[in-house]
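# Coordinates in review
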Amino acid sequence: MPLGYLGRRLLHLGFVLLGVSLVVFLMLRMIPGDPARLLLGEFASAEDLARLRAQMGLERPLPVQYGLYLGRLLQGDLGQSLRNGAPVAAEIAQRLAATVELAVAAMLIATFLGIAAGVVSAVRPYSLFDTAAMLLALVGVSMPVFWLGLMLMYLFAVRVPVLPLMGRIGMGNEPEALTGLMLVDTLLAGEGEAFLEALQHLVLPAVTLATVPLAIIARITRSSMLEVLQQDYVRTARAKGLDESVVILRHALRNALLPIVTVLGLNLGLLLSGAVLTETIFSWPGLGRYVVDSLMARDYAAVQGCILVFAAILAVINLVVDLAYAALDPRIRIHA
Amino acid sequence: MPSWEPLAGLWRSRSAALGLGLIAFVLGVALFGPAVAPHDPFRTAPLERLAAPSAAHPFGTDSLGRDILSRVIHGARISILIGLISVSISLFPGTLLGLLAGYFGGRLDSVIMRAMDMLLAFPAILLAIFITAILGPSLPNTMIAVGVVYIPHYARIVRSSVLALKEQLFVQAIAHLGGGHGRILFRHVLPNALPPIIVYATLGMGTAVLQAAALGFLGLGAQPPQPEWGVMLSEGRQYLQIAPHVAAFPGGAIFILVLGFNLLGDGLRDVLDPTLRAL
Amino acid sequence: MGAAAVLSISGLRTEFRTRRGPVAAVDGLDLELPAGETFGLVGESGCGKSVTALSILRLLPRPAGRVAAGSIRFEGEDLLALPEAAMRRIRGNRISMIFQEPMTSLNPVLPVGFQIEEVLRKHRGLSAREARAEAGGLLARVGMPDPQSRLDDYPHQLSGGMRQRAMIAIALACRPALMIADEPTTALDVTIQAQILELISRLQAEFGMSVLLITHDLGVVAETCREAAVMYAGRIVERAAVARLYARPAHPYTVGLFRSLPRAVGRGGKLTPIPGTVPHPAELPPGCAFQERCFQRHAACREDPPWAEVATGHFARCWKPLG
């Protein structure tokens, strides 16, 4: 992949992040009242308020204020939490791994099952499998995530208690936090039982979070594959005497992946949104729950920090999707 | 002018017919339900709290002894309104911005579309959360938040239709004949850009209902004791272990309404605009 | 018909499912392909010539198309009766095919070399390295400039003519007994057309294989084939050595084809298009399918005309053959 393409995408990423910070900055200024008091809370001392006002440059024009704000952001300073005075950046870092673990698990489930179901549906269109799968997919995209989570929780943790109700692992079984990823940490610590426990805790939240993207991926895979299977080069592949599995997986699916990857990228935003709800339901100690808790506590410093981080994650993911797209499609790779 | 003849195909599309049926059902409940609801949705009855579904209370009662069926019926009106108002809030500004950006191009186009890109850079629900946090949690603010979040989607769709149309001869011909910009835009370009907007707005109704319910569920939307489905779900969450019906029925209602919009949207898309499949 | 047949089709009927029920795109087709030479199959689009080719390889679009009756004998077996796995061993190996659209017939996301190597590894069991060397050699044989470095190119990096050369390399890879070329030059520029036809002729002679050249272009047939058949509405209506066919066409349809061909009419001659259009396969008249457009139609045409030998090795399906 030529560096020029990567460079341009990175530049674009920079602009997006700049825009994101501007939107968050302006929105915080739209809240009526004194921004310094908003960020420090009702009981802040007069000196603290004065210091923060000076730091934010509140008496200076808006562009200067934005410049100062951006400067702090670039140093990794997301401000102090209203609730406990801890740096928001540290609070976020502490919770990021839990969200990443949940989102990755969900995405793996959604991608593999979704593509598999979509491919089988497209190879046997209007079969019993296809009809059932597409019906389920339609149900999946219409499902309120929070309702699905609660119902799964009721079924598998209350009615037939085979899975734990909430949390990431049983009390007292937490492994030493090396990566923050419970599955990885338990493995590194060599604790097989704790690993299984963490895995059990992950099942319901991951399935809940995976449902909507799974349904979307299955639908787009089916329609993309149906279109690709009509193409001349698929007929060529068959005329070469290749096995049908090779025709489907190597020749058709590789081409069908292009729109699938695009949709995957669009859905990661959805996944992050879903994470907020899923974490709230399953008391999953990640970023999503932190942002909701912060909102309830009117902790604007924490909220704006989370929003920025979420938007940054989304932007980076979109960059990765673009690169994956280029890797899959030689036409983009070579001409872009 | 776009051809509306394919609309006849809607009746042949089973998914569209089923979707219309579901929506009509919920709409009927919203319009006439409150008149026939068995109980007052706000009347509490401490002695009957968390009762399981029975003949007297087909959906059971909630933690304050209120009849869940009656509350779900009243909630239909709220959810339909949320859908209509939120979609209007994103539809009209989004369409206008898309028309202007696509038709005039140049500077205006880049300014509008860069601004839209910035909004799109946020995960939808988080932006909605942020906006409600700023405006304060309430039902109207939920509608505004959900509406604003989806403005860029309409702007993009409309802009790309306009760009395609602009190349077509009839628009250029009208421009040569000296038609004013406003006349060209609203009499000629807009009607031809409508099919994808209709499809997206239909699917958008479902999304708006879902998002608003999610905000209600998180405590950022409608506030208790309003019988909004998301709020009811959130109340039911605490009693999941002893009274799952409290959460089950309002969630089922959300699901049915959203399913209706998705089915209708799918059907409309197949009929009106097959190229839109990726959405 | 001097040479032995490499492939013989008899009574082929290929149907497509439509809203109005099954429609036969090919009906009652008999055809013997001579071994070791290039045989032309001529007809307008929609006459069933491509469907015939796809029927031979059993590559009809599924589930709409299917062979309803007939047999296709090749190397001692009936292709229509073979299990799918055995059929896969024949495709791309004993019988290969090149298609009309070189732009869309190669897979856009795989390098050209890989698409050639794939056949070699599948049918000839070559290792990755052997296949790559062989693929380079094949590209050289089909006249690809700078063949080694082209192996890593993707189809979009090649011109139309080069893509068709790559397709021919794929078709040639396993030295097939029969190569079916379905309108191989139609989508190409005129100058490239001549090069590709010449290439096919040269390779046919070099490898001693049989080629079934499907085209709507009588000029192409004249340049490449020794013998040809004319197809109309799903059947063969005439067959003869090319020289004979051009000098004394017997079927009124063939005559019509020549009259509408600028080159055959010559300077100052009058171009006469055949009146009417090719009938839809579902709306064929009883008897001769061409009767409604024929300049010498008469009462007998309502009955099926016989397949008669007009002169030695020259057959026509007509009640009143000319010539």
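Residues numbered from 1 in each chain as written. Chains lettered and ligands numbered in written order. Predicted model: local features only at pLDDT ≥ 70, side-chain atom pairs only at ≥ 80, totals over all residues. Heavy atoms only, no water.

### Considering the overall build of chain A
Looking only at helices and strands, one finds 14 helices and zero strands in chain A. Scanning chain A from its N terminus toward the C terminus, one meets helices and strands in the order α-α-α-α-α-α-α-α-α-α-α-α-α-α. Across its three principal axes, chain A shows a C-alpha extent of roughly 80 × 55 × 40 Å. Here chain A holds 336 residues, and the buried ones make up 53% of them. The long-range share in chain A, meaning contacts at least 24 apart out of those at least 6 apart in sequence, stands at 70%. Just so you have it, chain A exposes about 14,900 Å², and 67% of that area is on carbon and sulfur atoms. The average position of the 24 basic charges and that of the 24 acidic charges among the side chains of chain A differ by 10 Å. (Helix = DSSP H or I, 4+ residues; strand = E, 2+ residues; numbered from the N terminus. Buried < 20%, exposed > 50% of the residue type's maximum accessible area, 1.4 Å probe, protein only. Contact = heavy atoms within 4.5 Å. Areas by Shrake-Rupley, 256 points an atom, 1.4 Å probe, with all protein chains shown as cover. Lys, Arg positive; Asp, Glu negative; His and termini not counted. Charge placed at Lys NZ, Arg CZ, Asp CG, Glu CD.)

### Comments concerning helix H11 (residues 245–272) of chain B
The first and last C-alpha atoms of H11(B) sit 40 Å apart over 28 residues, in line with the 40 Å expected at 1.5 Å per residue. Burial of H11(B) is extensive: 25 of the 28 residues sit out of reach of the surface. (Expected span 1.5 Å × (residues − 1).)

### Points about the packing of helix H3 (residues 68–104) of chain B against helix H7 (residues 151–166) of chain B
All names here are of chain B. Their axes nearest at 7 Å, the elements H3 and H7 cross at an angle of 35 degrees. In the crossing of H3 with H7, the sense of the turn from one axis to the other is right-handed. Here the contact of H3 with H7 is built from residues that sort into 14 nonpolar, five polar and two charged. (Axes fitted to C-alpha atoms, helices over the stretch in contact; angles between N-to-C directions. Left-handed = near helix turned anticlockwise from the far one by under 90°. Nonpolar A, V, L, I, M, F, W, Y, C, P; charged D, E, K, R; others polar.)

### Quick look at the confidence of the model for chain A
Overall, the prediction assigns chain A a mean pLDDT of 87, with 98% of residues at 70 or greater. Averaged pLDDT values for the elements of chain A fall to 70 in helix H14 (residues 330–335) of chain A and rise to 94 in helix H10 (residues 232–239) of chain A. (pLDDT = per-residue confidence, 0-100.)

### Examining the domain arrangement of chain A
Residue and element names in this part refer to chain A. According to the domain assignment, chain A consists of domain 1 (3–74) and domain 2 (88–328). Taken over C-alpha atoms, the centre of domain 1 sits 32 Å from the centre of domain 2. With 16 residues of domain 1 at the interface, the matching set in domain 2 holds 13 residues. Buried area between domain 1 and domain 2, both sides added, is near 1,200 Å², and the carbon and sulfur share of it is 82%. Counting the surface domain 1 buries against domain 2, the share from its top three residues, Tyr5, Arg9 and Leu13, is 32%. On the surface where domain 1 and domain 2 come into contact, there are one salt bridge. Here domain 1 is connected to domain 2 by two residue pairs in polar contact (both at pLDDT 80 or more). Going through the elements one at a time, helix H1 (3–30), helix H2 (35–40) and helix H4 (62–74) are the ones with two or more residues in the side of domain 1 that touches domain 2. Of all the elements, H1 adds the most residues to the side of domain 1 that touches domain 2, at eleven residues. Split by residue class, the side of domain 1 that touches domain 2 holds 14 nonpolar, one polar and one charged. (Domains from an automatic or database assignment. Buried area = accessible area lost by both parts, 1.4 Å probe. Salt bridge = Lys/Arg side-chain N within 4 Å of Asp/Glu carboxyl O. Polar contact = N/O pair within 3.5 Å; in protein donor to acceptor, adjacent residues only side chain to side chain.)

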